[in-house]
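A structural walkthrough
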Amino acid sequence: WEFNGSFYQPSAFLMMGIPGLEALHPWISIPFCALYLSALLGNGVILFVVGRTPSLHEPMYYFLCMLALTDLGLALCTLPTTLGLLWFDVRRIGFDACLAQMYFIHILSFVESSVLLAMAFDRFMAISHPLRHPAILTGSTVLKIGLAIVLRGALSLLPIPFLLKRLTYCGRTELSHSFCFHPDIMNLACADIKVNVFYGMIILLSTVGMDFVFIVLSYILIIRTVVSLTTRGECLKALNTCVSHICAVLVFFLPMIGLSMIHRFGKNVPPLVNTLVAYTYLIIPPALNPVIYSIKSTHIREALLRALCRKRG
């Protein structure tokens, strides 16, 4: 412990695995390894295929690459601590290292939320205003959107580590997960955390909350456009382009909302439920998103098959 008058700060935190199943951690690590491998390979393949296929150099696939990069980042942020705990029972993480991991996890989560909003806007423009779509979403515009998304996440979350460093911590150092999460860390403090709670809620609602609202609004407008189409075939074709994105939105937002609510209001929720929701939020979307888009996008499948055939040839 570091002591400075009445100010106490732990030198490290202790991470937790699966509550009540510690003896089974080596076996539990097998599905975790499969999910991480799926996330790394799947998102890497999407980046490779889009980069090597000129016909996929369109706004829809540029945003998909942003999503793949974000998912790769999320997987790499939690992989070392999660597998280190499950394989070698490495529970200790330094205070500053924990704050750094938390900062990047939250940034990437906010970036993923914003990328999903950008993808919803892309689908709205492609379906509702197909003639204006190429002129509005040019390559430079997509790049500017990407930079704005990253800057918004990085700057809005910049005060969080400093707000945590100013707190005085009590004797408890055990985190709820095998990674660092802002509500989890601040609940270990024995100081007044009202500023942390207020700032965290404001940032969450003004970024991820607003993203979700605008995504819903985009789909309301898309449905209005689709309903006005003359034939059933045109309706199904238009909606089919949105299925992958809708699945990605649900896979990301539902566990995220659940985890935020549990940490803030779920004092009586069993630890196992809390842990499962947390892992669902951080590991399942990076592993599933490449599968979802590969299954639904014939263009990606065809480009992947062409790339494999070229390598064999």
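As the structure is a computational prediction, the values presented were derived from the model and not from experiment.

If you tally the helices and strands in the protein, you get twelve helices and four strands. Over its C-alpha trace the protein gives a radius of gyration of 21 Å, about what one expects of a compact globule, namely 20 Å for 313 residues. C-alpha atoms of the protein, sized along the principal axes, occupy 70 × 45 × 35 Å. Looking at the protein residue by residue over its 313 residues, the buried ones come to 48%. Sequence separation of 24 or more characterises 80% of the internal contacts of the protein that already satisfy a separation of 6 or more. A total accessible area of about 15400 Å² is found for the protein, and carbon and sulfur atoms account for 72% of it. Averaging the positions of the 22 positive and the 14 negative side-chain charges in the protein gives two centres separated by 8 Å.

Under the definition given, this model contains two disulfides. Here Cys98 is linked by a disulfide to Cys180, with a sulfur-sulfur distance of 1.9 Å. Given an S-S torsion of about -125°, the disulfide between Cys98 and Cys180 has left-handed geometry. One end of the pair, Cys98, is in helix H3 (residues 95-128); the other, Cys180, is in the loop between helix H6 (159-165) and helix H7 (182-186), and 82 residues separate them in sequence. By the burial criterion, Cys98 is buried, and Cys180 matches it. Across the disulfide from Cys170 sits Cys190; the S-S distance is 2.5 Å. Pair noted here: Cys170 is in the loop between H6 and H7 and Cys190 is in the loop between H7 and helix H8 (194-227), with a separation of 20 residues, a long-range link.

Its volume calculated, the largest pocket comes out at about 610 Å³. If you go around the largest pocket, you meet 26 residues; those closest to its centre are Met60, Tyr61, Arg123, Thr241 and His299. Within the residue set of the lining of the largest pocket, elements represented by two or more residues are helix H2 (59-88), H3, helix H4 (133-136), helix H9 (232-240), helix H10 (243-265), helix H11 (271-296) and helix H12 (298-312). Here the lining of the largest pocket takes five residues from H3, the largest share from any one element.

Before going further, it helps to examine the pattern of salt bridges. Taken as a whole and judged by the stated rule, the model has four salt bridges. Glu174 is the partner of Arg91 in a salt bridge, and the nearest nitrogen-oxygen pair spans 3.3 Å. One end of the pair, Arg91, is in the loop between H2 and strand E4 (92-94); the other, Glu174, is in the loop between H6 and H7, and 83 residues separate them in sequence.

On to the UniProt feature "transmembrane region" (unreviewed entry) in the protein. Mapped onto this numbering, the UniProt entry gives "transmembrane region" (unreviewed entry) at residues 24-49, 61-88, 100-121, 142-164, 197-222, 243-264 and 276-295. As annotated, residues 24-49 comprises 96% helix and 0% strand, and the C-alpha atoms at either end are separated by 38 Å. Span residues 276-295 is 100% helix and 0% strand, its end C-alpha atoms 26 Å apart.

What follows deals with empty space enclosed by the protein. For the coordinates displayed, the defined rule picks out two cavities of 30 Å³ or more. Within this model, the largest cavity holds a volume of roughly 150 Å³. Around the largest cavity sit 14 residues that line it, and His106, Phe110, His182, Leu204 and Arg264 are the ones nearest its centre. Residue assignment for the lining of the largest cavity shows that the elements contributing at least two residues are H3, H7, H8 and H10.

Another point: the packing of H3 against helix H5 (residues 139-157). Relative orientation of the contacting elements H3 and H5 amounts to 145°, with a least axis distance of 9 Å. Here the hand of the crossing between H3 and H5 comes out right-handed. Counted together, Tyr103, His106, Ile107, Phe110, Val111, Ser114, Val115 and Ala118 of H3 and Ile145, Ile149, Val150, Arg152, Gly153, Ala154, Ser156 and Leu157 of H5 form the full contact between these two elements. Class assignment for the residues of the contact of H3 with H5 results in eleven nonpolar, four polar and one charged.

What counts, and at which threshold
- Residues numbered from 1 in each chain as written.
- Predicted model: local features only at pLDDT ≥ 70, side-chain atom pairs only at ≥ 80, totals over all residues.
- Heavy atoms only, no water.
- Helix = DSSP H or I, 4+ residues; strand = E, 2+ residues; numbered from the N terminus.
- Rg over C-alpha atoms; globule rule 2.2 N^0.38 Å.
- Buried < 20%, exposed > 50% of the residue type's maximum accessible area, 1.4 Å probe, protein only.
- Contact = heavy atoms within 4.5 Å.
- Areas by Shrake-Rupley, 256 points an atom, 1.4 Å probe, with all protein chains shown as cover.
- Lys, Arg positive; Asp, Glu negative; His and termini not counted.
- Charge placed at Lys NZ, Arg CZ, Asp CG, Glu CD.
- Disulfide = S-S within 2.5 Å.
- 1 Å grid on protein atoms, 1.4 Å probe; cavity = no way out; pocket = protein on both sides within 12 Å on 5 of 7 lines; lining within 4 Å.
- Points joined across faces, edges and corners; volume = space filled by probe spheres on them.
- Salt bridge = Lys/Arg side-chain N within 4 Å of Asp/Glu carboxyl O.
- UniProt positions renumbered as here; feature names shortened; annotations may be inferred.
- Axes fitted to C-alpha atoms, helices over the stretch in contact; angles between N-to-C directions.
- Left-handed = near helix turned anticlockwise from the far one by under 90°.
- Nonpolar A, V, L, I, M, F, W, Y, C, P; charged D, E, K, R; others polar.

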